[in-house]
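Letter by letter, the chains look like this.
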Amino acid sequence: MAASPRSFTLHLAHALYVTGSPLEGIVELDLRREEHVQEVHVELRGTARTDINQGDVWDSHNLCLVHGTISVWSRDGATSKLPSDTLRISFRFDIPDGLPPPCIYHGIGGLFSTIRYTVTAVAVRSGAFRSNRRISLPIAMVPRDPVGLEVRQALTAMTTSGIVPSWRTDRVQQQVRRGLWGTHATALVELHIPNLATYPLFTPIPFVIKIRTISVPITRAKAAAYPEDRPVFPQTPTSYEQLELKIRHLVTLKAKTINMKEYWERIKDTRPLDLYRGGAVNVSPRQWIPLSSQVSHQTTKDPSPDEKGSWIQEATFRSAFCLDCPPTFEIDLMKCGFTLIVNVPFPGLRNDLSLEMGLMNVSSGLKAPLFHDRVSDLQPAGTYLGLPARYWDLCE
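Looking at the overall build of the chain
Moving on, step 1. Tallying secondary structure elements over the chain gives four helices and 26 strands in all.
Moving on, step 2. By the burial criterion, 45% of the 396 residues in the chain qualify as buried.
Moving on, step 3. Once local pairs closer than 6 in sequence are excluded, the contacts in the chain between residues at least 24 apart make up 72%.
Moving on, step 4. In the structure as shown, the chain presents an accessible area of about 20500 Å², 51% of it carried by carbon and sulfur atoms.

Considerations on the packing of aromatic side chains
Moving on, step 1. Inspection of the entire model under this criterion finds six aromatic pairs.
Moving on, step 2. Look at phenylalanine 91 and phenylalanine 93: their rings are 6.1 Å apart centre to centre, the planes differ by 70°, and that puts the pair in the edge-to-face class.
Moving on, step 3. Ring pairing ties together the aromatic residues Tyr384, Tyr391 and Trp392, which thus form one cluster.
Moving on, step 4. Over the aromatic face of tyrosine 391 sits the side chain of arginine 116, whose NZ or CZ is 4.9 Å from the ring centroid.
Moving on, step 5. One cation-aromatic arrangement involves arginine 286 over tryptophan 311; the distance from NZ or CZ to the ring centre is 5.0 Å.

Description of the pairing of strand S20 (residues 287–290)
Moving on, step 1. Alternating positions in S20 separate cleanly, Trp288 and Pro290 being buried on one face and Gln287 and Ile289 remaining unburied on the opposite face.
Moving on, step 2. Here S20 pairs with strand S21 (residues 308–322) via four bridges, running antiparallel. Among the inter-strand pairings, proline 290 is bridged to a residue of S21, identified as glycine 309.

Remarks on unusual backbone geometry
Among all residues save glycine, negative phi is the norm, and among peptide bonds the norm is trans.
Moving on, step 1. Following phenylalanine 233, the chain continues into proline 234 via a peptide bond in cis, with omega recorded as -5°.
Moving on, step 2. With phi around 55°, phenylalanine 202 is a residue other than glycine that occupies positive phi space.
Moving on, step 3. By the secondary structure assignment, phenylalanine 202 is in the loop between strand S13 (199–200) and strand S14 (205–214).
Moving on, step 4. Note on phenylalanine 202: relative accessible area 2%, which makes it buried.

Side note on the pairing of strand S4 (residues 22–30)
Moving on, step 1. Relative to S4, strand S2 (residues 8–12) is paired through five bridges, and the arrangement is antiparallel. Note on S4: the bridge partner recorded for phenylalanine 8 is leucine 29.

Brief notes about the nonpolar core
Moving on, step 1. Ranked by internal contacts, the top residues of the largest apolar core, which has 90 residues, are Phe91 and Leu323.
Moving on, step 2. If we ignore the near neighbours within four places in the chain, the residues touching phenylalanine 91 are Leu10, Leu12, Leu23, Glu24, Gly25, Ile26, Val27, Val42, Val72 and Val119.
Moving on, step 3. Formed by five residues, the second largest nonpolar core is a distinct cluster that contains Ile218, Ala223, Val232 and Trp288.

Description of the side chain of aspartate 51
Moving on, step 1. Mapped onto the elements of the fold, aspartate 51 is located in strand S5 (residues 37–54).
Moving on, step 2. Overall, aspartate 51 belongs to the buried group, its relative accessible area being 13%.
Moving on, step 3. Among the polar contacts made by the side chain of aspartate 51, one reaches the side chain of arginine 49 at a distance of 2.9 Å.
Moving on, step 4. Looking at aspartate 51, its side chain comes within polar contact range of the side chain of serine 60, at 2.5 Å.
Moving on, step 5. Those residues within four positions of aspartate 51 in sequence are excluded, and the remaining contacts are Trp58, Asp59, Ser60, Gly110, Leu111 and Phe112.

Concerning the pattern of salt bridges
Moving on, step 1. Taken as a whole, this structure holds 14 salt bridges when the rule is applied.
Moving on, step 2. In this structure, the salt-bridge partner of glutamate 43 is arginine 45, at a minimum N-O distance of 3.3 Å.
Moving on, step 3. For arginine 45, a relative accessible area of 34% puts it in the partly exposed group.
Moving on, step 4. The partner of arginine 248 in a salt bridge is glutamate 356, with the nearest N and O atoms 3.3 Å apart. With arginine 248 in strand S16 (residues 244–256) and glutamate 356 in strand S24 (residues 353–360), the pair connects residues that are 108 residues apart, well separated along the chain.
Moving on, step 5. One connected set of salt bridges, linked through shared partners, spans Glu24, Arg92 and Asp94.

A few points about the confidence of the model for the chain
Moving on, step 1. Residues with a pLDDT of 70 or more make up 87% of the chain, whose mean pLDDT is 86.
Moving on, step 2. Taking the mean pLDDT of every element in the chain, the minimum, 51, falls on helix H4 (residues 372–378) and the maximum, 97, on strand S25 (residues 362–363).

Here's the deal with helix H1 (residues 146–161)
An α-helical turn contains 3.6 residues, so any two residues separated by three or four positions project in the same direction.
Moving on, step 1. The end-to-end C-alpha distance of H1 is 23 Å, a good match for the 22 Å that 16 residues give at a rise of 1.5 Å each.
Moving on, step 2. Residues Gly148, Leu149, Val151, Arg152, Leu155 and Met158 constitute the buried set of H1.
Moving on, step 3. Positive phi shows up at glycine 162, right after H1, with a value of about 80°.

A look at empty space enclosed by the protein
Moving on, step 1. Throughout the structure, instances matching the rule amount to one cavity of 30 Å³ or more.
Moving on, step 2. What lines the largest cavity is Phe207, Ile209, Tyr240, Leu243, Glu244, Leu245 and Leu275.
Moving on, step 3. Of all elements in the fold, only S14 and S16 reach the threshold of two or more residues within the lining of the largest cavity.
Moving on, step 4. Residue composition of the lining of the largest cavity, grouped by class: six nonpolar, no polar and one charged.

A short note on the environment of glycine 68
Moving on, step 1. Position of glycine 68 relative to the elements: it lies in strand S6 (residues 57–74).
Moving on, step 2. Along the chain, glycine 68 and valine 42 lie 26 residues apart, while their C-alpha atoms are 8.3 Å from each other.

Some remarks on the state of the cysteines
Moving on, step 1. Under the criterion given, the structure shown has zero disulfides.
Moving on, step 2. For cysteine 103, which is in no disulfide, the shortest distance to another cysteine sulfur is to cysteine 336 and amounts to 6.7 Å.

About the thresholds
Residues numbered from 1 in each chain as written. Predicted model: local features only at pLDDT ≥ 70, side-chain atom pairs only at ≥ 80, totals over all residues. Heavy atoms only, no water. Helix = DSSP H or I, 4+ residues; strand = E, 2+ residues; numbered from the N terminus. Buried < 20%, exposed > 50% of the residue type's maximum accessible area, 1.4 Å probe, protein only. Contact = heavy atoms within 4.5 Å. Areas by Shrake-Rupley, 256 points an atom, 1.4 Å probe, with all protein chains shown as cover. Phe/Tyr/Trp six-rings, centres within 6.5 Å; stacked < 30°, edge-to-face > 60°. Lys NZ or Arg CZ within 6 Å of the ring centre and 35° of its normal. Pairing = 2+ DSSP bridges. Core = buried A, V, L, I, M, F, W, Y, C linked by side-chain atoms within 4.5 Å. Polar contact = N/O pair within 3.5 Å; in protein donor to acceptor, adjacent residues only side chain to side chain. Salt bridge = Lys/Arg side-chain N within 4 Å of Asp/Glu carboxyl O. pLDDT = per-residue confidence, 0-100. Expected span 1.5 Å × (residues − 1). 1 Å grid on protein atoms, 1.4 Å probe; cavity = no way out; pocket = protein on both sides within 12 Å on 5 of 7 lines; lining within 4 Å. Points joined across faces, edges and corners; volume = space filled by probe spheres on them. Nonpolar A, V, L, I, M, F, W, Y, C, P; charged D, E, K, R; others polar. Disulfide = S-S within 2.5 Å.

As structure tokens, then:
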């Protein structure tokens, strides 16, 4: 990517950078049109900012994360005539380790948090009425993560070989009914993901969603007469379009009251996950199971037409999701963690079931920068950390 006001240009690779690795670029300057430029330097800056609305007062905090400057050219230091009127200078920064990823979050009631990184080229011009030329480009970076890289490689090998992982499982059960009154039926949802120490970015992470419903009890005779093409409440979903799988960013901001006491505010930012197409869906035929068998798991020896039981319906969804978000981080001003959410709709008022899987650690899974084509290969959406368009606006 490049930015160019008039005769001054800054070139950077379109990449997702990694802390502890180099950041390289090129500055171009047309000396014929910029004869008053005396010196050119490049800055790498990273800042964190939080804004919290406390009624009539805004509590704002800024934290400098990194500030490096490199002088790349000066007219006094030029010892020989240049072969061209266009100055083309390369530069390099070594990105420090330990920096948090970029992000932009905003919450209800005036909560804002931002971490931004920019590379700025400055052409210093002589003369009292000549302002310096400045051009900035935002960049994205993630922490170096050798542990997450091993996890990513293990997940890839597991997918290739068909090995079943050890699962982490959360479940939720809820009573539902068709109307405002009547007997309750039961809906159960389970979410299974690999039980990992960390969940790396840009990596297919398998998941299984199991849905089980138990209808209100009816007699064996009524079940036998029930039409096969008539749905049984609560009916299980049969396609991915009926489900919602989301990731929730839990961002906690440090604030201070008017009397300088510290406290924390929280932003909940929920976003849909990118699912890999072609996931398997298995919907089992419904079965009427006697209540006695549901408890004892044994078949009734002398079935009676008046014996009561319930329709059992089950559906299983198997696919994979890919994470494209800022990894988990914590700095003095803010910290960010993640949960997974599954929403399953059922007919009726307030019958939709929601499962939220507890905090999961998200890491980059990278130890070297990813350039644009490589990021696109690993992440179908081809984006960087889900950052909004306003993050990439040029800072002139």
